[in-house]
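Residue-level structural notes
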Amino acid sequence: MIRAIGANLFVSPEQIVEKSITLANADKTQRIGVAGPDGLAAMTALCRKGFDHVEYVRRATCHCADEASDVLLIAGLMQPEDLRALIIGACHLLNDGGALVVQLGSRGEDALVRAALTAAGMTVTSSVFELSAGCLVTHTVERTAVQQRRLAG
């Protein structure tokens, strides 16, 4: 069961995965990274839905060792500092134009997500919130010019 707080809960990994792939416009040919306290449950649900290119990530080790993802899903609620560290450590695994989907306790926690992306050299180009059953945010992201130069050098 996916952990959530409040009146609207994601009851199962399948529900959070369903909402996440819809928000990210993900299809079964894309690479999807999952992370967070409920990441393994989300990974299993994605595999059951027929997604073959799914991996569990904790952080990017180096640009050439890890496969870049089209979608990074952070499933399960986390303490602010843990969420910040995870985003900074793992968002480098996203392709430019990729989607970061994060389960939040409230919409106000998105400021932390945006600050972490900025600290990691990523820019948000668009955002979508899903509030019908808990709180999910999807940010389409791109690397800043500084970040692109670091990866190239």
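Note that this is a predicted model, so its numbers are computed, not measured.

The strand order β2-β1-β3-β4-β6-β5 describes an open sheet built from six strands, whose pairing is mixed. In this open sheet, the two strands that pair with only one neighbour each are β2 (54-56) and β5 (122-130). Averaged over all adjacent pairs, the angle separating strand axes in this sheet is 20 degrees, with direction ignored. Bridge count for strand β1 (residues 32-35) against strand β3 (residues 69-74) is four bridges, and the pairing is parallel. Along β3, the bridge assignment pairs Ile32 with Val71. Sitting on the sheet, helix α2 (residues 39-48) is in contact with β1, β2 and β3, with an inclination near 170 degrees to β2.

With that settled, consider α2. Among all positions of α2, only Gly39, Ala42, Ala45 and Leu46 are buried. Along α2, the residues classed as buried sweep out an arc of 120 degrees about the axis, all on the same side. For α2, the exposed residues lying more than 90 degrees away from the buried face are Leu40 and Arg48. Looking at the residues trailing α2, positive phi occurs at Gly50, about 95 degrees.

On the secondary structure map, Arg107 appears in the loop between β4 (94-104) and α4 (110-119). Taking the C-alpha atoms as reference, Arg107 lies 6.5 Å from Cys135; in sequence the two are 28 residues apart. With residues near it in sequence (within four places) discarded, Arg107 still touches Phe129, Leu131 and Cys135.

Let's shift gears to the packing of helix α3 (residues 80-90) against α4. Remark: α3 packs on α4, axes separated minimally by 9 Å, with the N-to-C direction vectors making an angle of 35 degrees. Like other packed secondary-structure pairs, α3 and α4 cross with a definite hand, here right-handed. Across the interface between the two elements, Pro80, Leu83, Arg84, Ile87 and Ile88 from α3 touch Leu112, Val113, Ala116, Leu117 and Ala119 from α4. Residue composition of the contact of α3 with α4, by class: nine nonpolar, no polar and one charged.

Another point: the packing of aromatic side chains. Tallied over the entire structure, the rule returns zero aromatic pairs. Across from the ring centre of Phe129, 4.0 Å away, lies the NZ or CZ of Arg107, which sits over that ring.

Looking at the element boundaries, Tyr56 is found in strand β2. When the C-alpha atoms of Tyr56 and Gly33 are compared, they prove to be 5.7 Å apart, with 23 residues separating the residues in sequence. Those residues within four positions of Tyr56 in sequence are excluded, and the remaining contacts are Val34, Ala35, Gly36, Gly39, Leu40 and Met43. Among the polar contacts listed, one links the side chain of Tyr56 to the backbone oxygen of Gly36, at a separation of 3.4 Å.

Here Arg143 is to be found in strand β6 (residues 135-143). Judged by its relative accessible area of 11%, Arg143 falls in the buried class. Within the local environment of Arg143, its side chain forms a polar contact with the backbone oxygen of His92, the two atoms lying 2.8 Å apart. One polar contact links the side chain of Arg143 to the main-chain carbonyl oxygen of Leu94, over a distance of 2.7 Å.

Under the counting rule described, the total for this entry stands at four salt bridges. Notably, a salt bridge pairs Lys19 with Glu130, separated by 3.7 Å at the nearest N-O pair. Within this pair, whereas Lys19 is found in helix α1 (residues 13-23), its partner Glu130 is found in strand β5, the two being separated by 111 residues in sequence. For Asp96, the salt bridge goes to Arg143, with nearest N and O atoms at 3.3 Å. In this pair, Asp96 is assigned in strand β4 and Arg143 in strand β6, connecting sequence segments 47 residues apart. Overall, the relative accessible area of 39% leaves Asp96 in the partly exposed class.

Calculation rules
- Residues numbered from 1 in each chain as written.
- Predicted model: local features only at pLDDT ≥ 70, side-chain atom pairs only at ≥ 80, totals over all residues.
- Heavy atoms only, no water.
- Pairing = 2+ DSSP bridges.
- Helix = DSSP H or I, 4+ residues; strand = E, 2+ residues; numbered from the N terminus.
- Axes fitted to C-alpha atoms, helices over the stretch in contact; angles between N-to-C directions.
- Contact = heavy atoms within 4.5 Å.
- Buried < 20%, exposed > 50% of the residue type's maximum accessible area, 1.4 Å probe, protein only.
- Arc of directions from axis to C-beta.
- Left-handed = near helix turned anticlockwise from the far one by under 90°.
- Nonpolar A, V, L, I, M, F, W, Y, C, P; charged D, E, K, R; others polar.
- Phe/Tyr/Trp six-rings, centres within 6.5 Å; stacked < 30°, edge-to-face > 60°.
- Lys NZ or Arg CZ within 6 Å of the ring centre and 35° of its normal.
- Polar contact = N/O pair within 3.5 Å; in protein donor to acceptor, adjacent residues only side chain to side chain.
- Salt bridge = Lys/Arg side-chain N within 4 Å of Asp/Glu carboxyl O.

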